[in-house]
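Per-entry structural report
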Amino acid sequence: MQLTHQPLIYLFKNILDEDIQKCIEIFILSVIEMKENYKTDNLWIADQKIGGIGAYAMPPNPVINPFPVGIERSLYRPLQYARADINICDIRTTARYIIQSCGIHLECVCRLVLSTYKTSSNLRYHNTTLGKAIQLIKGLNAIESNNIVALEGFVKIYNLSKHEINQDENRERLFNAYEAIATYYSARILGVHLLRKINYPKSSDTFEINNDERPFLFK
C-alpha cells in the first residue's frame, strides 16, 4: 500500500512532519497485518499533538454531536465523520469518504478566513468552493506561499474524491487507507494553521482524547 496521487505525495513530504509520517506508516502496517482488527489509538495521539479541535477530541460515534448548531458544526463535524469512517467502519472501504469529509472541513475553514479578512459577514462566501476560496485567499497575500501550494494540491485530491471513479485496473479503489490518513493529517495541519492566522477560538488549545460518548471534553 502506498501513495500514488502526486498531490498527496507532495503533502506527505512537505506538510507532515517525520513523527506523523512514521505514525501513518506504523498504522498502515497494522491495517495490513491485523485486517479488520486494526487499532487507531496512536492516530489520535498524533492528532492531539497538532492541537486545536480535531477528530481526537470528539466522540467516535457521530450520533453524539458536540456541535448541533453554529459555525463549529460546519467546521468540526466533518472531522468527526472522518473519525467514524476510520474507527467504526473499515478505512479500506471508506477512504474516499474520509477525504471528502476532510475537504469539507477545509472548505469551511477557508470560507471563514475569507469572511474574516474581507468582510464582517460570513454570508458572502457561504457557497464558495474550496478551489475558489483558495484562489481568493492567495490574493490576500496573508498566507505563506508553501501553504498555498499545499492547499492547491489538496483541492485536486478533494475534487478527485467527489467527481472521479476508479478507472485504473491496477487499483482496487480510487484511494487507499494510506492516502486517506495522509489526507486527514494534511487537512488538520493546514486547517489549524489557517484558523490560528485569524485567531479563531480554541485553535491553539489542546484537549483530551475522546474515546467514548462524552460530547464536551474540550469545554
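Please read all numbers here as calculations on a predicted model, not as lab measurements. For every chain, the first residue of the written sequence is number 1, and numbering continues from 1 along that sequence. For a predicted model such as this one, the threshold for reporting local features is a pLDDT of at least 70, and the threshold for listing and counting side-chain atom pairs is 80 or more; totals across whole chains, interfaces and linings nevertheless cover every residue. In computing side-chain values, all of the structure's heavy atoms are included and hydrogens and water are not.

1. Remarks on the pattern of salt bridges
The salt bridge criterion pairs a side-chain nitrogen of Lys or Arg with a carboxyl oxygen of Asp or Glu, the two atoms within 4 Å. For the coordinates displayed, the defined rule picks out 5 salt bridges. A salt bridge links R111 to E107; the shortest N-O distance between them is 3.7 Å. Of the two residues, R111 and E107 both sit in helix 5 (residues 91–118), 4 residues apart, roughly one turn of that helix. Under the scheme applied here, a residue whose accessible area is under 20% of the maximum for its type counts as buried, over 50% as exposed, and between as partly exposed, the area being computed with a 1.4 Å probe on protein chains only. The class of E107 is buried, set by a relative accessible area of 11%. E144 serves as the salt-bridge partner of K197, at 3.3 Å between the closest nitrogen and oxygen. Starting at the N terminus, helices and strands are each numbered in turn, a helix being any DSSP run of H or I of at least four residues and a strand any DSSP run of E of at least two.

2. Concerning the nonpolar core
Nonpolar core, defined: a set of buried Ala, Val, Leu, Ile, Met, Phe, Trp, Tyr and Cys residues in which side-chain atoms within 4.5 Å join the residues together. In terms of nonpolar packing, the biggest core is built from 70 residues, with I24, Y76, I91 and Y185 touching the most fellow members. Setting aside anything within four residues of it in sequence, one finds Y185 in contact with L16, I20, C23, I24, N42, L43, A46, D47 and I50. Two residues form a contact once any of their heavy atoms are found within 4.5 Å.

3. Some points on helix 2 (residues 18–34)
The end-to-end C-alpha distance of helix 2 is 24 Å, a good match for the 24 Å that 17 residues give at a rise of 1.5 Å each. Among the residues of helix 2, those classed as buried are I20, Q21, C23, I24, F27, I28, S30 and V31. Residues of helix 2 that are buried make contact with helix 1 (6–14), helix 3 (41–50), helix 5 and helix 8 (177–197). Two to three positions downstream of the cap, the backbone nitrogen of D19 sits 3.1 Å from a side-chain oxygen, assigning the N-cap of helix 2 to D17. Helix span, expected: 1.5 Å multiplied by one less than the number of residues in the helix. Here a polar contact is taken to be a pair of N or O atoms separated by no more than 3.5 Å, where protein atoms must pair a possible hydrogen donor with a possible acceptor and residues adjacent in sequence count only if both atoms sit in side chains.

4. Describing the packing of aromatic side chains
Two descriptors summarise a pair of aromatic rings, namely the distance from one centre to the other and the angle between the planes of the rings. Working definition: rings of Phe, Tyr and Trp (its six-membered ring) pair if their centres are within 6.5 Å, and the pair is stacked with planes under 30 degrees apart, edge-to-face with planes over 60 apart, and tilted otherwise. Going through the model one piece at a time under the given rule, you end up with 5 aromatic pairs. Ring centres 5.9 Å apart and planes at 65° place the aromatic pair F12 and Y178 in the edge-to-face group. Separated by 166 residues along the polypeptide, F12 in helix 1 and Y178 in helix 8 bring together distant segments of the chain. For the pair F12 and Y178, a shared accessibility class is recorded, and that class is buried. With a centroid separation of 5.7 Å and an interplanar angle of 65°, the aromatic rings of Y184 and Y185 are classed as edge-to-face. Exposure class is identical for Y184 and Y185. Each is buried. An aromatic cluster is built from W44, Y184 and Y185, whose rings are joined through pairwise contacts. Here, a charge over a ring means that NZ of Lys or CZ of Arg falls within 6 Å of the ring centre while also lying within 35 degrees of the ring normal. When the ring centre of W44 is taken as origin, the NZ or CZ atom of R83, which lies over that ring, is 4.8 Å away. Over the ring of Y158 we find K162, and its NZ or CZ is 4.4 Å from the ring centre.

5. Remarks on the side chain of S115
Topologically, S115 is positioned in helix 5. Only 2.8 Å separates the side chain of S115 from the backbone oxygen of L112, close enough to count as a polar contact.

6. Topic: the environment of E36
Secondary-structure assignment places E36 in the loop between helix 2 and helix 3. Accessibility expressed as a relative area gives 58% for E36, which makes it exposed. Along the primary structure E36 and D90 are separated by 54 residues, whereas in three dimensions their C-alpha atoms are 6.8 Å apart.

7. Observations concerning the packing of helix 5 against helix 6 (residues 130–140)
The packing of two helices is summarised by the inter-axis angle and the distance between the axes. Closest axis-to-axis distance for the helix 5/helix 6 pair is 9 Å, and the angle between their directions is 35°. Considering the relative orientation of helix 5 and helix 6, their crossing is left-handed. Note on element contacts: helix 6 touches helix 5 through L130, A133, I134, L136, I137 and L140, opposite G103, L106, E107, C110, V113, L114, Y117 and K118. Where helices are involved, their axes are fitted lines through C-alpha atoms of the stretch in contact, as for all axes, and angles between N-to-C directions lie from 0 to 180°. Working rule for handedness: look at the near helix, and if it is turned counterclockwise from the far one by less than a right angle, call the crossing left-handed; if clockwise, right-handed.

8. Things to note about the packing of helix 4 (residues 71–87) against helix 5
Running from N to C, helix 4 and helix 5 point in directions that differ by 165°, and their axes come no closer than 8 Å. With respect to each other, helix 4 and helix 5 are oriented roughly antiparallel. Seen along the crossing, helix 4 lies across helix 5 with a hand that is left-handed. For the pair helix 4 and helix 5, contact is made by I71, S74, L75, Y76, P78, L79, Y81, A82, D85 and I86 and by I91, T94, Y97, I98, S101, I104, H105, C108, V109 and L112, respectively. The residue inventory of the contact of helix 4 with helix 5, partitioned by class, reads 15 nonpolar, 4 polar and 1 charged. An angle below 35 degrees is read as roughly parallel, one above 145 as roughly antiparallel, one from 65 to 115 as roughly perpendicular, and any other as oblique. Under the scheme applied here, ten amino acids are nonpolar (Ala, Val, Leu, Ile, Met, Phe, Trp, Tyr, Cys and Pro), four are charged (Asp, Glu, Lys and Arg), and all others, including Gly, are polar.

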